[in-house]
Amino acid sequence: MQGGEPVSTMKVSESEGKLEGLATAVTPNNKNSSCGGGISSSSSSSSSRGGSAKGWQYSDHMENVYGYLMKYTNLVTGWQYRFFVLNNEAGLLEYFVNEQSRNQKPRGTLQLAGAVISPSDEDSHTFTVNAASGEQYKLRATDAKERQHWVSRLQICTQHHTEAIGKMMSHAEGQQRDLIRRIECLPTSGHLSSLDQDLLMLKATSMATMNCLNDCFHILQLQHASHQKGSLPSGTTIEWLEPKISLSNHYKNGADQPFAAEQSKPVAVPEERPVAESGLLAREPEEINADDEIEDTCDNKEDDLGAVEEQRSVILHLLSQLKLGMDLTRVVLPTFILEKRSLLEMYADFMSHPDLFIAITNGATAEDRMIRFVEYYLTSFHEGRKGAIAKKPYNPIIGETFHCSWRMPKSEVASSVFSSSSTQGVTNHAPLLEESLNQVGADCYTVRFVAEQVSHHPPVSGFYAECTERKMCVNAHVWTKSKFLGMSIGVTMVGEGILSLLEHGEEYTFSLPCAYARSILTVPWVELGGKVSVNCAKTGYSASITFHTKPFYGGKLHRVTAEVKHNITNTVVCKVQGEWNSVLEFTYSNGETKYVDLTKLAVTKKRVRPLEKQDPFESRRLWKNVTDSLRESEIDKATEHKHTLEERQRTEERHRTETGTPWKTKYFIKEGDGWVYHKPLWKIIPTTQPAE
């Protein structure tokens, strides 16, 4: 026994069945009187002023119990005597160092609502209190009878407060339903309207709050039930419940559905091909003539907060129908929150620094090439955002494609070494080898990009980029899964990318971070979060990258950290910290440091074919009417054009289902769980195995 506390032992006389205590327990009714028991109860009738107690009397009524118990702290400290108080009214189990410190702040407190009280199998004296928060007290009574008394009192208190939460939830749900009914019964116009922004805000936030509380209470019940039946098997997770209310049946507030998909009236767009014709479009791969591409002059600058404020009631109305954790894949979002570009084109913007991409293969060593890849990777995200306001790119239509390319002067790639603001020079980047420059006669390297929407449910995009002259290419597939998170929307990028450096016979596998649209009721902004890994199996180098979400209090926005490691020797060769849209600091194992200011990095404009030369299913031509309407702030017209495209996709999908016709992709082939470009560079150019 450790801890330095006065030892208070209690035992039951076998001959008399009485509790003889060397410790004192004080009753709340008379603090100056002493009891012979080590545990007391404010409503117990078994205590006696004479210092003895009759056999334990159990009842189902609530009791405030207090007394000394032994509490297990850790392997070093072991068991310690502590004075425990069961506060039935508050539903708390509190403990103090000793009885004399009872009027001070408790050393520890457990909420008993949702807790599980479990007698231990290891002996007849020990029991545990497992709170819903995950905190656990391991306690030991003097004997089996004392343990049983504590366990029974704690279980009664726990059940009472757990049921009370359920009753409170039921009462709150009734009030919330009554509130929504009263709002929806209001007229749609006049001084107090059902479409009043303040009322819509109240409706949305109350719905989100109740959904969150319901899910939390459900998880608490599952946890409680699992402990009663035995612990959950390892690896088991408790997920959010699916929505109980169909969205299509819940758009009310006296207004028509402003963004429902199935019930909206289709609007004819003369420029669009009819369904029958579009379904017969050639699905054979098309060779893009680079001479047809011209430097992009399109500048789809996103609107400021004004456009969002004008449509705030629509957002509030939408939020009032969503459930916490709900999958948004099949939810049709209002048109005004859209960016004026497709998701496929957004993926292309990750290649806006082709000089850094090409420079990866110029690294003289495997270590250098991995570090260069991390540098390129971390600088690829900031250009993907168009403006400070978080908006959503178009959901690509199945079969939609996007093509573009970049031309990069060789001299710029050769000198693409970031400037250092430290006093030490950056020496670990090897200069571009002269013979590499002489391999190609042209003055520019060309990076070609193609993306295709290969699946609708689930929504999967494939994209591929290559630089033939440098014998390097990247192939990736991404499934975007979006969820409603209360006042945020989270998007998980499920999939994998592979960068192939054919000159070195190396493959780098990588994943993508999650994205979050925060503060969707005020000024929405984008945040990246999650851990990303980069691995090269051949060289044994890997990188671990963490995009940090901003904590609730304090902390920096858009923070990112990374480590590049040689797995065989477990040596960290480079560390990175900073912000993915601002300044990055690279620290190398030799002590050198350099800084990269992403706001000053040159962005190479992509080259695209004019609309008249594009395939009808290429992104810019396909979404032209929607983009033009958004550019002119004609939201209703944009919604009509968008609905026409989506309805055509549904009609063709139904036709394929009825006829049993599988969808045929154009540029990507399904291989296992992923999608691979039909003519990747590694099938055309043999991989070399250089000696290092």
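Model, not experiment: these values are computed from the prediction.

The rules we used
Residues numbered from 1 in each chain as written. Predicted model: local features only at pLDDT ≥ 70, side-chain atom pairs only at ≥ 80, totals over all residues. Heavy atoms only, no water. Core = buried A, V, L, I, M, F, W, Y, C linked by side-chain atoms within 4.5 Å. Buried < 20%, exposed > 50% of the residue type's maximum accessible area, 1.4 Å probe, protein only. Helix = DSSP H or I, 4+ residues; strand = E, 2+ residues; numbered from the N terminus. Contact = heavy atoms within 4.5 Å. Phe/Tyr/Trp six-rings, centres within 6.5 Å; stacked < 30°, edge-to-face > 60°. Lys NZ or Arg CZ within 6 Å of the ring centre and 35° of its normal. Salt bridge = Lys/Arg side-chain N within 4 Å of Asp/Glu carboxyl O. Expected span 1.5 Å × (residues − 1). Pairing = 2+ DSSP bridges. Polar contact = N/O pair within 3.5 Å; in protein donor to acceptor, adjacent residues only side chain to side chain. Axes fitted to C-alpha atoms, helices over the stretch in contact; angles between N-to-C directions. Parallel < 35°, antiparallel > 145°, perpendicular 65-115°, else oblique. Left-handed = near helix turned anticlockwise from the far one by under 90°. Nonpolar A, V, L, I, M, F, W, Y, C, P; charged D, E, K, R; others polar. 1 Å grid on protein atoms, 1.4 Å probe; cavity = no way out; pocket = protein on both sides within 12 Å on 5 of 7 lines; lining within 4 Å. Points joined across faces, edges and corners; volume = space filled by probe spheres on them.

A. Up close: the nonpolar core. The biggest cluster of nonpolar side chains holds 64 residues, and the ones touching the most others in it are Phe-357, Tyr-377, Phe-449, Ile-545 and Phe-547. The biggest single contributor to this core is helix H8 (residues 366-378), with 8 residues. Not counting residues up to four positions away in its chain, the partners in contact with Ile-545 are Val-374, Tyr-377, Leu-378, Gly-530, Lys-531, Val-532, Val-534, Val-560, Thr-561 and Ala-562. Grouped together as the second largest cluster of nonpolar side chains are 20 residues, Leu-69, Phe-84, Tyr-95 and Trp-150 included.

B. Just the packing of aromatic side chains, in detail. In the structure shown here, the tally under the stated rule is 23 aromatic pairs. Summarising the aromatic geometry, the rings of Phe-84 and Tyr-137 are spaced 6.3 Å apart at their centres and angled 75° between planes, so their arrangement reads as edge-to-face. Taken as a pair, Phe-84 in strand E7 (residues 79-87) and Tyr-137 in strand E12 (residues 136-140) lie far apart in primary sequence, 53 residues in all. Since its relative accessible area comes to 3%, Tyr-137 is described here as buried. Above the plane of the ring of Tyr-66 lies Arg-102, whose end atom (NZ or CZ) is 4.6 Å from the centre. The ring of Trp-479 is capped by Lys-481, whose NZ or CZ atom sits 4.9 Å from the centre of that ring.

C. View of the environment of Ile-669. Relative to the assigned elements, Ile-669 resides in strand E30 (residues 668-671). Excluding anything up to four places from it in sequence, Ile-669 contacts Gly-674, Trp-675, Val-676 and His-678.

D. Region of the structure containing the pattern of salt bridges. Counted under the stated rule, the structure contains 28 salt bridges. For Asp-349, the salt bridge identified is with Arg-341, shortest N-O distance 2.2 Å. Arg-341 sits in the buried class, given a relative accessible area of 5%. The salt bridge partner of Lys-600 is Asp-597, with a shortest N-O separation of 4.0 Å. Residue Lys-600 is classed as exposed on the basis of its relative accessible area of 70%.

E. How the structure looks around unusual backbone geometry. Backbone torsion omega between His-457 and Pro-458 reads 0°, so that peptide bond is classified as cis. Assignment of secondary structure puts Pro-458 in the loop between strand E17 (444-455) and strand E18 (460-467). Here Asn-570, not a glycine, exhibits a phi torsion of approximately 55°, which is positive. You can see Asn-570 is positioned in the loop between strand E25 (559-566) and strand E26 (571-579). In the Ramachandran plot, Ser-633 falls in the positive-phi region, its phi being about 60° despite a non-glycine side chain. Summarising the element assignment, Ser-633 is placed in the loop between helix H12 (624-631) and helix H13 (635-659). Overall, Ser-633 belongs to the exposed group, its relative accessible area being 53%.

F. Looking closely at the environment of Met-408. Inspection of the secondary structure puts Met-408 in strand E16 (residues 401-409). By relative accessible area, Met-408 is classed as buried at 2%. C-alpha of Met-408 to C-alpha of Thr-604: the two residues are 196 residues apart in sequence and 7.9 Å apart in space. Residues contacting Met-408, with those up to four places away along its chain left out, are Pro-354, Asp-355, Ile-358, Val-413, Asp-443, Cys-444, Tyr-445 and Thr-604.

G. Spatial organisation of H8. The first and last C-alpha atoms of H8 sit 19 Å apart over 13 residues, in line with the 18 Å expected at 1.5 Å per residue. Across the 13 residues of H8, 12 count as buried, placing the element largely inside the fold. Buried within H8 we find Ala-366, Asp-368, Arg-369, Met-370, Ile-371, Arg-372, Phe-373, Val-374, Glu-375, Tyr-376, Tyr-377 and Leu-378.

H. Looking closely at the pairing of strand E19 (residues 472-484). Burial within E19 is extensive, with 10 of its 13 residues counted as buried. Bridge count between E18 and E19: 8 bridges; the pairing is antiparallel. Across the sheet, Ala-465 pairs through a bridge with Val-474, a residue of E19. Between E18 and the antiparallel strand that follows it, E19, lie 4 residues; Lys-471 among them carries a positive phi value of about 55°. Note: E19 against strand E20 (residues 489-501), 13 bridges, orientation antiparallel. Residue pairing across strands places Val-478 opposite Gly-495, the latter belonging to E20.

I. Up close: H12. Among all positions in H12, only Asn-625, Val-626, Thr-627, Ser-629 and Leu-630 are buried. Each element contacted by the buried residues of H12 is listed here: strand E14 (338-342), strand E15 (392-394) and H13. Just beyond H12, the residue with positive phi is Ser-633, at close to 60°.

J. Structural view of the pairing of strand E10 (residues 116-119). By the bridge criterion, 4 bridges tie E10 to strand E11 (residues 126-130) in an arrangement that is antiparallel. Counterpart to Val-116 in the pairing with E11 is Asn-130.

K. Looking closely at the side chain of Glu-503. Relative to the elements of secondary structure, Glu-503 occurs in the loop between E20 and strand E21 (506-510). On the accessibility criterion, Glu-503 (14% relative accessible area) is buried. Polar contacts involving the side chain of Glu-503 include one to the side chain of Arg-470, which spans 3.1 Å.

L. A look at the packing of H12 against H13. At a closest axis distance of 8 Å, the pairing of H12 and H13 adopts a crossing angle of 165°. Here H12 lies roughly antiparallel to H13, going by the angle between them. H13 is crossed by H12, and the crossing has left-handed handedness. Residue-level contacts link Asn-625, Val-626, Ser-629 and Leu-630 of H12 to Ile-635, Lys-637, Ala-638, His-641, Lys-642 and Leu-645 of H13. Here the residues of the contact of H12 with H13 are counted per class, giving 5 nonpolar, 3 polar and 2 charged.

M. Representation of empty space enclosed by the protein in the model. If you walk through the whole model with that rule in mind, you get 6 cavities of 30 Å³ or more. Its boundaries defined by the atoms lining it, the largest cavity holds a volume of some 200 Å³. As for the largest cavity, its lining consists of 17 residues, of which Phe-350, Met-351, Tyr-376, Phe-463 and Phe-510 are closest to the centre. Taken together, the elements giving at least two residues each to the lining of the largest cavity come down to H8 and E18. Residue classes in the lining of the largest cavity are distributed as 16 nonpolar, 1 polar and no charged.

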